[in-house]
Amino acid sequence: MQFGIFSVGDVTPDPTTGRTPTERERIKAMVAIALKAEEVGLDVFATGEHHNPPFVPSSPTTMLGYIAARTEKLILSTSTTLITTNDPVKIAEDFAMLQHLADGRVDLMMGRGNTGPVYPWFGQDIRQGINLAVENYALLHRLWREDVVNWEGKFRTPLQGFTSTPRPLDGVPPFVWHGSIRSPEIAEQAAYYGDGFFHNNIFWPADHTKRMVELYRARYAHYGHGTPEQAIVGLGGQVFMRKNSQDAVREFRPYFDVAPVYGHGPSLEEFTEQTPLTVGSPQQVVEKTLAFREYAGDYQRQLFLMDHAGLPLKTVLEQLDLLGEEVVPVLRKEFAARRPAGVPEAPTHRSLLADAQKEVVA
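Counting of residues starts from 1 at the beginning of each chain's written sequence and follows it residue by residue. Selection of residues for local features in this predicted model requires a pLDDT of at least 70, selection of side-chain atom pairs for listing and counting requires 80 or more, and totals for whole chains, interfaces and linings are taken over all residues. Heavy atoms from the whole structure form the basis of all side-chain values; hydrogens and water molecules are not counted.

The name given to the protein in an unreviewed UniProt entry is 5,10-methylene tetrahydromethanopterin reductase, with the source organism recorded as Streptomyces caeruleatus.

### Looking at the overall build of the protein
Worth spelling out the cut-off: Helix and strand labels come from DSSP, where a helix needs a run of H or I of at least four residues and a strand needs a run of E of at least two; each type is numbered from the N terminus. Residue exposure (1.4 Å probe, protein chains only): buried if accessible area is under 20% of the type maximum, exposed if over 50%, otherwise partly exposed. Residues are treated as being in contact if the distance between any of their heavy atoms lies within 4.5 Å.
Assigned secondary structure in the protein consists of 13 helices and 12 strands. Here the C-alpha coordinates of the protein stretch approximately 60 × 45 × 40 Å along the principal axes. Taking all 362 residues of the protein together, 53% fall into the buried category. Looking at the protein alone, contacts between residues at least 24 apart form 72% of all its contacts between residues at least 6 apart.

### Some remarks on the side chain of Lys36
Mapping Lys36 onto the fold places it in helix α1 (residues 23–39). For Lys36, the contacting residues outside a window of four places in its chain are Leu317, Leu320 and Asp321.

### Brief notes about the packing of aromatic side chains
Rules: In this scheme Phe, Tyr and Trp rings, the latter by its six-membered ring, pair at centre separations within 6.5 Å, and the angle between planes marks the pair as stacked below 30 degrees, edge-to-face above 60, and tilted otherwise.
By the definition in use, this model includes 12 aromatic pairs. Ring geometry for Tyr137 versus Tyr193: centroids 4.9 Å apart, planes at 90°, classification edge-to-face. Residue Tyr137 is located in helix α5 (residues 129–145), and its partner Tyr193 is located in helix α6 (residues 184–193); the two are separated by 56 residues in the primary sequence. Taking relative accessible area as the criterion, Tyr137 reaches 1% and is therefore assigned buried. Take Tyr193: its relative accessible area is 22%, and that puts it in the partly exposed class. Relative to Phe198, the ring of Trp177 lies with its centre 6.5 Å away and its plane at 90°, an arrangement referred to as edge-to-face. Residue Trp177 is found in strand β8 (residues 175–179), and its partner Phe198 is found in strand β9 (residues 196–199); the two are separated by 21 residues along the sequence. Note on accessibility: Trp177 and Phe198 belong to one class, buried. Following the ring pairs from residue to residue traces out a cluster consisting of Tyr137, Tyr192, Tyr193 and Tyr223.

### Considering the nonpolar core
Let me state the cut-off plainly: The term nonpolar core refers to a set of buried residues drawn from Ala, Val, Leu, Ile, Met, Phe, Trp, Tyr and Cys, joined through side-chain atoms within 4.5 Å.
Ile5, Ile67, Tyr216, Phe252, Met306 and Leu323 are the most contacted members of the largest nonpolar core, which has 98 residues in total. Take this core: its biggest share by element is eight residues, from helix α12 (residues 313–338). Once residues within four sequence positions are removed from consideration, Ile67 is found in contact with Val31, Ala34, Phe45, Leu74 and Leu76. Counting residues in each nonpolar core, the second largest holds five residues, with Leu82, Val118, Leu132 and Phe155 among its members.

What follows is the structure, encoded as structure tokens:
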């Protein structure tokens, strides 16, 4: 099972000091967090994609390429690649290039994002969001698998005899996750292609996550990719830890109370009861994360949000030390012990290449 972190790259004032980091500081902090993730033994770093304040990661492959040059094992991914407003040709080329630079340590998560105005900024109509996701991914899927593509659709100019360059590393496209919180059409899309489905359940109760994951699993089997239990599932989560749970609650509360995404709403206690957010000791994080399996089944990737709401870099790095030293080793052992035979691991470039070579021999 893979464990990692994802960042949305928000530039948020620290409510305890009133200081707002500069964009440069925030970008450099994201890089430092990725390097720390590899240092403490995590598997994945994923960055979001945003094109509006107060966020900085507008060019994910630029950041991931820089991180690739400074890491050796870390899988470089996205927590959203905007399939709706990016040109599929540019996605195909950018991530294939990144594959070569990172020696295959690349996958990505398709998503529609949560910022409505981004659509007209890139010449699109938000009312066509689902249709854009479906058509654009159909083209992207072909660009990585066919050397010469002829294409005509509704949302971009036709392609005639087009070859996307560079070609995917070893002829193996990056593995794709389709991320969605509430859209069954995206779960259906992931199932149709046999891709992964990532439910970023950080704001949602368990029963909603359960319904979305079960839909994906059932449709994955329907399309003949395997059993429901063999479907490739990823989940999000949020944690804040200290050795003593009371210290964690006391330190995190001011950040929670004014956070752009959930501040000024339910109390910290209500939110932690109703969602995957865990604020407490490392043992409490272990217990709550293991419980995800009860409603999502055996799954392949767990990503935690650690660096949001104005938390200073020093605090985030301390959190990553706790995650790598006291949480993830226990989770690896416990999830592995409970995983039935036949449930696959998360695909990697190496495993996808081995599968492709087996097909050639067969």
